Amino acid sequence: MANTATIEINGQKQEFPLIEGTEKEVAIDIKALRAATGGFITLDPGYKNTGSCESGITFLDGEKGILRYRGYTIEELAEKADFLEVAFLLIFGELPTKEQLDKFHEDIKKNSIVDEDVKKILDAFPKAAHPMGVLSSLTSALTAFNPSSVDVDSEEDMYNSVVRILGKFPVLVAWAMRKKSGMPLDYGDKNLGYVENILKMMFKKPNEEYVQNKILVDALDKLLILHADHEQNCSTSTVRIVGSSHAGLFASISAGISALWGPLHGGANQAVLEMLEAIKEDGGDTKKYMAKAKDKADPFRLMGFGHRVYKNFDPRAKIIKVAADEVLGDLGIEDPILNIAKGLEQEALNDDYFVKRKLYPNVDFYSGIIYRAMEIPTDMFTVMFALGRLPGWIAQWREMRLRKEPIGRPRQLYTGATKRAFVSINKR
Ligand code: SDX
């Protein structure tokens, strides 16, 4: 293969280097494009063909439905690792030894208390506030209570910011949920595992002991692993670009939470459950919703279907679908919503509109069914996505900062009014 790409503009040929990644993907390096061509830029709304960075964290192949974190397949990690181990792997690049993992967890526990004044911010929200808005605000507020975690350069300061957010974020998640239900804000128990503690903070009732349910612990641990990173998706790109201005880790994560909130992105897991419940209320008429999804005049989309990169099964969706059956079976729950989801999937996989556009179930299609079985409120589903994605956001932010990448500032093609003279108001 040649090692350059040639662009010819008005008879002028310019050569641009080709860069090959470790998985044989190839990029045209256009860093010098504008200077070499006297001002030409590329245009690619939604960045469907544009790489924003080189990264060594997550590899995915959308055509083959492959997903690996630091070279390990998502299938192996979901089956053999636990969430904190995967968080360490994503952030620091290697699976931890037992000693490394124990120290990491201890450092996180030391940082898992949130300043009591944060509760005053939480109190100011109406009960009806969406938990993603609450979480994004409280995460940004962490900056005010941890000013040393803002513009960190040294690896030691970066590490302290990492264990701080991994310690405090689950508390904010639990508080966002308990605020809506009017439950007292709980701190859990530092003697518990990371995921056990999250469940206790979320669900412990003030008048009874919280008894761990291994089915729920294992299900949540697996779901968090499956959501932990996904290369340069919308919210991760947001974290990287906010972090590139040196705005600090908490502010960058807060921005990522806001990006994830959208129903086209992480908010889809909530939208899927609402769609499935609407279909159930409608007598299970999946055909009507399939028709709506295909009707260009109708803004309705089949939520949980389609993906910017996966043009094959999302490997996470496959794992979650199996887990949904297992968890509901283990809990002895018969949920008609699961059968509606499976029916919808079968219809879509055999429908020309979806087949032609390579629209398959994505990570959000089945995850809400497990959250619902765990008695997590529907508007908390995307918060659970953020909880899982936290290590990925941290890892991507850290990689960007350690590599001292430049501030993100895309160009544009201006198509507005050309120069014109001001007209005073009495002449308009
Ligand atoms: C996540 O990027 C990531 O990695 C994200 C994520 C992660 O882990 O971070 O994987 C998590 O966000 C998963 C996606 C969750 N979103 C949804 O489930 C919402 C429903 N899906 C769509 O809105 C859509 O599929 C997107 C947003 C996910 C992807 O959209 P693209 O890549 O911009 O594709 P597109 O909108 O250009 O669609 C191509 C065609 C269009 O039809 P035509 O114009 O060709 O006729 O497919 C159609 C679309 O109308 N289409 C759908 C559809 N998704 C795409 N039609 C009906 N239902 C759908 N769900």
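Here the structure is a predicted model, which means the values were calculated and not measured. (Residues numbered from 1 in each chain as written. Predicted model: local features only at pLDDT ≥ 70, side-chain atom pairs only at ≥ 80, totals over all residues. Heavy atoms only, no water.)

Peer 1: Tell me what's going on with the sheet that holds strand β3 (residues 26–28), and back it up with residues and numbers.
Peer 2: The three strands are arranged β1-β2-β3 in an open sheet whose pairing can be described as antiparallel. Pairing within the sheet leaves two strands with one partner each, and these edge strands are β1 (4–9) and β3. Neighbour-to-neighbour, the strand axes of this sheet turn through a mean angle of 30°, independent of strand direction. Pairing of strand β2 (residues 12–20) with β3, which is carried by three bridges, proceeds in the antiparallel orientation. Opposite Ile-19, over in β3, you have Ala-27 as the bridge partner. (Pairing = 2+ DSSP bridges. Helix = DSSP H or I, 4+ residues; strand = E, 2+ residues; numbered from the N terminus. Axes fitted to C-alpha atoms, helices over the stretch in contact; angles between N-to-C directions.)

Peer 1: Describe in detail the pattern of salt bridges, supporting the description with residues and values.
Peer 2: Following the criterion strictly, the structure yields 28 salt bridges and no others. Two residues, Asp-107 and Lys-103, come together in a salt bridge whose shortest N-O distance is 2.4 Å. In this pair, Asp-107 and Lys-103 are both assigned in helix α4 (residues 98–110), four residues apart and thus about one turn of the helix distant. For Asp-107, a relative accessible area of 9% translates into the label buried. The partly exposed category is assigned to Lys-103, whose relative accessible area is 49%. (Salt bridge = Lys/Arg side-chain N within 4 Å of Asp/Glu carboxyl O. Buried < 20%, exposed > 50% of the residue type's maximum accessible area, 1.4 Å probe, protein only.)

Peer 1: I'd like a rundown of helix α13 (residues 286–294), residues and numbers included.
Peer 2: Among all positions in α13, only Thr-286, Tyr-289, Met-290 and Ala-293 are buried. Taken around the axis of α13, the buried residues stretch over an arc of 105°, which confines them to a single face. Against the buried residues of α13 lie α12 (268–281), α15 (336–349) and α16 (352–356). (Arc of directions from axis to C-beta. Contact = heavy atoms within 4.5 Å.)

Peer 1: Quick one: what's the story with the site of the ligand, residue by residue and with numbers?
Peer 2: Neighbouring the ligand are 25 residues, the closest being His-230, Leu-264, His-307, Arg-316 and Arg-389. Between the ligand and Phe-305 there is a distance of 2.8 Å, counted from a nitrogen atom to a backbone nitrogen or oxygen. Note that an oxygen atom of the ligand is positioned 2.9 Å from one of the side-chain N or O atoms of Arg-308. Within the complex, the protein chains bury 79% of what would otherwise be the 1100 Å² of accessible surface of the ligand. Counted by class, the shell around the ligand contains ten nonpolar, seven polar and eight charged residues. (Near = heavy atom within 4 Å. Polar contact = N/O pair within 3.5 Å; in protein donor to acceptor, adjacent residues only side chain to side chain. Areas by Shrake-Rupley, 256 points an atom, 1.4 Å probe, with all protein chains shown as cover. Nonpolar A, V, L, I, M, F, W, Y, C, P; charged D, E, K, R; others polar.)

Peer 1: Explain the packing of aromatic side chains to me, and be specific about the residues and the numbers.
Peer 2: Scanning all chains against the criterion turns up 13 aromatic pairs. Consider the rings of Phe-88 and Phe-104, whose centres lie 5.3 Å apart with planes at 85°: the pair is edge-to-face. With Phe-88 in helix α3 (residues 83–92) and Phe-104 in helix α4, the pair connects residues that are 16 residues apart, well separated along the chain. Phe-104 shares its class with Phe-88; the two are buried. A cation over a ring is seen here: Arg-357 above Tyr-353, with NZ or CZ 3.7 Å from the ring centre. (Phe/Tyr/Trp six-rings, centres within 6.5 Å; stacked < 30°, edge-to-face > 60°. Lys NZ or Arg CZ within 6 Å of the ring centre and 35° of its normal.)

Peer 1: So what's going on with the nonpolar core? Residues and values would help.
Peer 2: If you look at soluble globular proteins, the nonpolar side chains tend to sit buried side by side. Core analysis: the biggest nonpolar cluster contains 116 residues, and Tyr-69, Phe-169, Leu-302 and Ile-369 have the highest contact counts within it. No other element matches helix α7 (residues 155–181), which puts 13 residues into this core. (Core = buried A, V, L, I, M, F, W, Y, C linked by side-chain atoms within 4.5 Å.)

Peer 1: Can you break down the pairing of strand β5 (residues 66–69) residue by residue, with the values?
Peer 2: The alternating pattern of β5 places Leu-67 and Tyr-69 on a buried face and Ile-66 and Arg-68 on a face that is not buried. Hairpin connection from strand β4 (residues 58–61) to β5: four residues lie between these consecutive antiparallel strands, with Gly-65 at a positive phi of about 65°. Pairing between β5 and strand β6 (residues 72–73): two bridges, direction antiparallel. Bridging from a neighbouring strand, Arg-68 pairs with Thr-73 of β6. In this antiparallel pair of consecutive strands, β5 and β6, the connection spans two residues, and Arg-70 shows a positive phi of 50°.

Peer 1: Tell me about the environment of Leu-166, and please be specific about residues and values.
Peer 2: Here Leu-166 shows up in helix α7. Residue classification places Leu-166 among the buried positions, given a relative accessible area of 1%. Between the alpha carbons of Leu-166 and Arg-403 there is a distance of 22 Å; along the sequence they are 237 residues apart. Filtering out sequence-adjacent residues up to four positions away, Leu-166 remains in contact with Ile-91, Phe-104, Ile-108, Tyr-194, Leu-390 and Ile-394.

Structural measurements only, silent on function.
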